[in-house]
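Architecture at a glance
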Amino acid sequence: MNALTATTLALGLVVGSACAAPVEKTIEIVGPPIKLRYGEVHNTWQPPIDFPDEVKQKFANKTMPVLDWSVDIVYKNGSQVPLYDTYNHHYILSAGTRPAMQRFHDMMQDAPFGVRAPNGTVGWVKGAVPPTQQDDGAETPNNRKLLMTPAIHHELLEQASRDVGQAPHVAQIGSASGAEERHTSHRLPRGYAYMIDSPEALTPLFHFINTKDPSRAAINSAGDVPVSKLLQCPCLNQVLNATDGTVDGWEPYPPFGTCSPDFYAEGNPSCDITTYQGGWRCCEDGKFLIDLDDVDVDDLPYDEVHGKFMFTYLDDDAHELGLKQLQFITQDASGYLDVTRGNIEYDVPACDLSNTRPEDCIYESSTVNFISGEIDADDDSLMSIPYTVGHLHVGGIDVTLYDDDTGEVICRSEAIYGNGTEAGNENGYLIGMTPCSFLTPPVFPKNKKVRTVARYNNTEPHTGVMGLMLSTMYEVPA
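In this report, the structure presented in the accompanying data block is examined. (Residues numbered from 1 in each chain as written. Predicted model: local features only at pLDDT ≥ 70, side-chain atom pairs only at ≥ 80, totals over all residues. Heavy atoms only, no water.)

Concerning unusual backbone geometry
A positive phi is found at Asn61, a non-glycine position, where the angle reads about 60°. Mapped onto the fold, Asn61 is located in the loop between α1 (53-58) and β6 (63-74). We note that Leu337 has phi near 40°; this positive angle belongs to a residue other than glycine. Mapped onto the elements of the fold, Leu337 is located in the loop between β15 (327-332) and β16 (346-348). (Helix = DSSP H or I, 4+ residues; strand = E, 2+ residues; numbered from the N terminus.)

Brief notes about the environment of Arg162
Here Arg162 is to be found in helix α3 (residues 150-163). As for Arg162 and Arg103, which are separated by 59 residues in sequence, their C-alpha atoms are 9.8 Å apart.

Details of the pattern of salt bridges
In total, this model carries 23 salt bridges according to the counting rule given. For Glu40, the salt bridge is made with Arg37, and the minimal N-O distance between the two is 3.3 Å. There is no split in this pair, since Glu40 and Arg37 are both buried. With a shortest N-O distance of 3.5 Å, Lys56 and Asp53 are connected by a salt bridge. Linking Lys56 with Asp53, this pair stays in helix α1, spanning three residues, or about one helical turn. Looking at Lys56, the relative accessible area reads 23%, which means it is partly exposed. Because the salt bridges share partners, they merge into one network encompassing Asp50, Asp53, Lys56 and Arg98. (Salt bridge = Lys/Arg side-chain N within 4 Å of Asp/Glu carboxyl O. Buried < 20%, exposed > 50% of the residue type's maximum accessible area, 1.4 Å probe, protein only.)

Brief notes about the state of the cysteines
What is meant by a disulfide is a covalent connection between two cysteines, made through their sulfur atoms. As enumerated under the stated definition, the model contains five disulfides in all. Through a disulfide, Cys235 is tied to Cys282; the S-S separation comes to 2.0 Å. The disulfide joining Cys235 to Cys282 has a torsion of about 105° about its S-S bond and is therefore right-handed. Separated by 47 residues along the polypeptide, Cys235 in the loop between β10 (201-210) and β11 (240-241) and Cys282 in the loop between α4 (261-266) and β13 (303-314) bring together distant segments of the chain. What pairs with Cys259 in a disulfide is Cys271, and their sulfur atoms sit 2.1 Å apart. Sign of the S-S torsion, about -100° for the bond between Cys259 and Cys271, identifies this disulfide as left-handed. Highlighted residues: Cys259 in the loop between β12 (246-247) and α4 and Cys271 in the loop between α4 and β13, separated in sequence by twelve residues. Judged by its relative accessible area of 4%, Cys259 is buried. Judged by its relative accessible area of 5%, Cys271 falls in the buried class. Among the cysteines of the protein chain that take part in disulfides, numbered as they appear in the sequence, the pairing is 1-6, 2-5, 3-4, 7-8, 9-10. (Disulfide = S-S within 2.5 Å.)

Right under this line is the structure:
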């Protein structure tokens, strides 16, 4: 199924004899079916999906300016899928020419976590060297690792373009974004755009988890079905090897050992493979997150869903319109300055309810990052942040980005929870985050120190949560 619809909205009037102002349009693209049984994970790239002919013809050898996008999960008939049936852990989108997207898709097929990344942790942790430079000369176990960084994703996309003899101009959208952004606007301020050169096809990764427990009681009007624990990706069937740092023989990326000093001092279980209990490192494609000793998966029915994208764009070339191109960056509450970009995830321990009121049970993680999200303390080139939004998991309250020198709030992104039974308003599920969009984006040097603070309610424990600011960066010309 590949449903395509389009609506238009005029942005201006013809002035004198000049050409009409660009028109804003919206397209909807629905991907091929994803079939999962209860507890099963889908975490891989789908084959290239064509853009509508109108888009391909309009932007042949041109650049499509995308102003906004949204992602959803739908059934074959187009209706929304409730998160208590299928959960969107995260998604990533690649877009460009069809040959480049096909090459990128083929490159990713041996990656059970979704994306391959280069060996080693150069650029991720301080003092890292390529594996070939290690003292013992040992290589890492393989080159197929989990990727949660826009920068390396972009490098792989550029490589795919070069492999098919094209200029390495490609587009990426998303990375850690998931169900919590179902009702979140990604609308950019005027003058900026997400850009796609020669949009012929897109290749999406959907990290979906089937949460439709066949033993669950029927959803009632009170909406009191409990939030699925599968969202936390428990390690029930995976083999974690502390000797070589692998999960089921694959080395995650970033590998274990990339937490901030504060998380190490705390002894956070997610920092070490020997204490790891759950998270994206146990969420491989095709794996089950239920105890396989208790159920025969061959007896479980398949559920079929589709990922759906909606793009809002201008029907004129982005460069001719003078729009500014953005890159995706991340500030991670588990990272720290030039020491580490972060572990991506961490565990939230339960508070002591014997002497703490439930409303006062709040676990706060706080760290200092460079605003670029990198670990280069010497890069003082200028950048601005036109748009940013937080990424949390269920239990999250808010994530805030501060100027570490002044204490001024740059952005506070707050969690929005559902309170019903209908799809899109699932009780207890995180269904939205409040974004920050700046009409006059703040400008900083890339090595500006910012404090990232994420807060979770911890009346009960959570594994594999995240505290990220998913930001856009415009590199200010020198």
